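# Understanding the architecture of this molecule
Residue strings, one per chain:
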Amino acid sequence: MKKQLAVLLALSCLVGCNTNTASQQSISVEETSYETSADVIVVGAGAAGMTAAITAAENGTKVILLEKSNIVGGNTYCAVNGINAADSKVQLENAEYQANGTKEGLKELQMNNADVKEELVDAFVNHSGELIDWLSDMGVQFKVDVQNDQRNQSTNYYMLQAEGDEPTAVTMLATVSKQLEKTDGLTLYKNMDVYDLLTDDGNVNGVVAKDKDGSDVEFHASKVVLATGGFGQNHELVGKVNPGLANTITDEIAPTTGEGLLMAQKLGAATVNLDAIQTFPHVIAGYGLITPMNLPGGFVPDAIFVNSSAKRFTAETFMAVDDVLAQKDGVVYCIFTRKNLNDKLNSIVQAGFIKEGDTVEELAENLGLDKDALKETVDAFNQDIADGKDDEFGREENLNSIEGKLYGYRFGVGAHYFMGGILINANTEVLKEDGTVINGLYAAGEVTGGFHGIFRVDGSGVGDSFVFGRISGQEVSK
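So, here's what we can say about the structure. From a predicted model like this one, the values you see are computed outputs, not experimental measurements. (Residues numbered from 1 in each chain as written. Predicted model: local features only at pLDDT ≥ 70, side-chain atom pairs only at ≥ 80, totals over all residues. Heavy atoms only, no water.)

### So, the nonpolar core
Our working definition: Residues belong to one nonpolar core when they are buried, are Ala, Val, Leu, Ile, Met, Phe, Trp, Tyr or Cys, and are joined through side-chain atoms within 4.5 Å. Buried, partly exposed and exposed residues are distinguished by accessible area as a fraction of the type maximum, computed with a 1.4 Å probe on protein chains only: under 20%, between the cut-offs, and over 50%, respectively. Where helices and strands are cited, they refer to DSSP runs of H or I of at least four residues and of E of at least two residues respectively, numbered from the N terminus.
Counting 123 residues, the largest nonpolar core has F219, L226 and F466 as the members making the most contacts within it. Counting residues per element, this core draws most heavily on helix α6 (residues 118–138), which supplies nine residues. Within the second largest apolar cluster, 19 residues are counted, among which are V331, A373, V378 and I385.

Below, the structure is given as structure tokens:
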């Protein structure tokens, strides 16, 4: 049931992200020598980590920010919807929000399943407006975007969109990235893979990382913030916490292999809802999501799906999640004709993720499939539907022959967003199973759990990262 809920949630979001289109910010930092001592170390330079680092530094705290990759921004660049908040200045100036929006309403929106931690929802609601005002002061221009979201069962007056052509998350990240560069007391090191936490008498007091040359570097501070995101790139861990998703791939662009979660667990951190993973039905590895509006035929594709043996295995639909996951290693292929090559798919052909062939055999060779097996499958499908019926699997729509120049790509079900993670309190302190805190250890963003429970509301994934990032930055600078 949880898996089905996560799939439906992903379908409603209809978000997409790929490494070819994200406008990621790359900040140049000298990395030949390192400053290794600070008041606070923040691990991960996505939305949560950058917000935490800037906030702490603005409060006079010396901060070292460590990023595993060579770019900042993380998977927040994948978000194409807005951000939820309550009682920000721009909302309080909006007539429709004034008439209908309250902090209580946003809380009701978030308290939608039994696994949600009310303490975290209260913290989010009470600090979300402040976060928007902070970003507005940096130059982000927001507008209220009233949502009629059937999943939320009521009108949502809490969504904000950034003005401009870019997605809201991209606009916010670009602004925060610029602020990062000019914030005094903050040092960023990229290509720094943190793999262990240092402790002294039970208190966290630093981290150990490998730099781009593979050398170990110790960084020391009295407080550490984990903002390392989910674990979509850790296939083994996904399968361990949710065996039903063992055959998923991921659309995540950041190197999210779960180090933050695993390091915290080594120190006894409590975790919640690790199996609550939002999936997306149609993902090309290395590229990203393919939404129904870009898939030939939409929700009922004008295409055939085949497995690694080049055999059809289902009545093709966008939501054929269980059937895809049941195939060997979750590996399947979408085969379609030239008449279905829309502009978006054509751009993916040009990028090399979609293969083409003048014949079935040529396409099979380019996809690495058995030529005879694929030819047999295509011929059988064409013969079967000649009378307007799919006798093999019962598909009723888009029964068009597969002929002429053909196109195909390998895809799978994607592990997209991780609702569960490290359990924190309202101050973003990491908690043990007995409810006590791990001294000196904080966490924010997708590495944490409890705020969403098992259901993520549109706009609150981005909100989670930015709002709790800001809370953690305020707390570690006290």
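The structure having been displayed, the exposition proceeds.
### Things to note about the sheet that holds strand β10 (residues 203–210)
The condition is simple: One bridge is not enough; two strands pair if DSSP finds at least two bridges between them. Axis angles are defined between N-to-C directions and span 0 to 180 degrees, where every axis is a line fitted to C-alpha atoms and, for a helix, only to the segment in contact.
Read across the sheet, three strands follow the order β9-β10-β11 without closing on themselves; strand pairing throughout is antiparallel. The strands lining the two open edges of the sheet, one partner per strand, are β9 (193–200) and β11 (216–220). Here the strands of the sheet are splayed against their neighbours by 25 degrees on average, with no regard to which way each runs. Note that β9 and β10 share seven bridges and pair antiparallel. From the neighbouring strand, V194 faces β10, where its bridge partner is A209.

### Thoughts on the sheet that holds strand β3 (residues 83–84)
Convention followed: In what follows, a contact means two residues having at least one pair of non-hydrogen atoms within 4.5 Å.
Ordered in space as β3-β7-β4, the three strands form an open sheet in which the pairing is antiparallel. The open sheet terminates on both sides in strands that have one partner only, identified here as β3 and β4 (142–144). Across two bridges, the pairing between β3 and strand β7 (residues 159–162) is antiparallel. Note that in β7 the partner of N84 across the bridge is M159. Across the sheet, helix α7 (residues 168–182) touches β3, β4 and β7, and the angle it forms with β7 is around 65 degrees.

### Considerations on α6
Convention followed: Expected span, for any helix, means 1.5 Å times one less than how many residues it has. Values of bend correspond, residue by residue, to the angle between axes fitted over the seven residues ending at that residue and the seven starting there.
Spanning 21 residues, α6 covers 30 Å between terminal C-alpha atoms, matching the ideal 30 Å at 1.5 Å per step. If you look at α6, its biggest bend is around 40 degrees, right at H127. Where α6 ends, the next residue or the one after it, G139, has phi of about 120 degrees, a positive value.

### Considerations on the side chain of S465
As for its position among the elements, S465 is in helix α14 (residues 460–476). The class for S465 is buried, based on a relative accessible area of 9%.

### Quick notes on the pattern of salt bridges
Note the cut-off: In what follows, salt bridge is the name for a side-chain nitrogen of Lys or Arg lying within 4 Å of a carboxyl oxygen of Asp or Glu.
Summed over the entire model, instances satisfying the criterion amount to 15 salt bridges. Across the pair E259 and K68 runs a salt bridge whose closest N-O atoms are separated by 2.7 Å. Remark: K68 occurs in the loop between β2 (63–66) and β3 and E259 occurs in helix α9 (residues 259–266); sequence separation between them is 191 residues. Linking E392 and R312 is a salt bridge whose minimum nitrogen-to-oxygen distance equals 3.9 Å.

### What to know about the packing of helix α2 (residues 47–58) against α7
Operational definition: Roughly parallel refers to an angle under 35 degrees, roughly antiparallel to one over 145, roughly perpendicular to one between 65 and 115, and oblique to any angle outside these ranges. The handedness criterion is simple: a crossing whose near helix is rotated anticlockwise from the far helix by less than a right angle is left-handed, and one whose near helix is rotated clockwise is right-handed.
Axis separation between α2 and α7 bottoms out at 10 Å; the angle between their running directions is 40 degrees. Here α2 is positioned oblique relative to α7, judged by the angle of their axes. Where α2 crosses over α7, the two elements pack in a sense that is left-handed. Together, A47, M50, T51, I54 and E58 of α2 and L173, V176, S177, Q179 and L180 of α7 make up the contact between the two elements.

### Brief notes about the packing of aromatic side chains
How we decide: A pair of aromatic rings is counted whenever rings of Phe, Tyr or Trp (Trp by its six-membered ring) have centres within 6.5 Å, and the orientation is called stacked for planes under 30 degrees apart, edge-to-face for over 60 and tilted otherwise.
Counted by the stated rule, this structure contains 15 aromatic pairs. Seen from their ring centres, F299 and F318 are 5.8 Å apart, and the 80 degrees between their planes marks the pair as edge-to-face. Within this pair, whereas F299 is found in the loop between β16 (288–289) and β17 (304–307), its partner F318 is found in the loop between β17 and α10 (321–325), the two being separated by 19 residues in sequence. What makes F299 partly exposed here is its relative accessible area of 46%. Through pairs of rings, three or more aromatic residues link up here, namely F305, F336, Y407, Y409 and F411.

### Side note on empty space enclosed by the protein
Convention followed: The rule is simple: put a 1 Å grid over the protein atoms alone, call a set of points where a 1.4 Å probe fits but cannot get out a cavity, call an open set with protein on both sides within 12 Å along at least five of seven lines a pocket, and count a residue as lining if it has an atom within 4 Å of a point. Grid points are joined across faces, edges and corners, and a volume is the space filled by probe spheres set on the points. Classification used: nonpolar for Ala, Val, Leu, Ile, Met, Phe, Trp, Tyr, Cys and Pro, charged for Asp, Glu, Lys and Arg, polar for all others including Gly.
Counting across every chain of the model gives one cavity of 30 Å³ or more. Of the pockets and cavities examined, the largest cavity occupies roughly 630 Å³. In terms of lining residues, the largest cavity is bounded by 46 residues, among which G74, N75, T76, G229 and E446 are the most central. Looking at which element gives the most residues to the lining of the largest cavity, the answer is α14, with three residues. Considered class by class, the residues forming the lining of the largest cavity number 18 nonpolar, 19 polar and nine charged.

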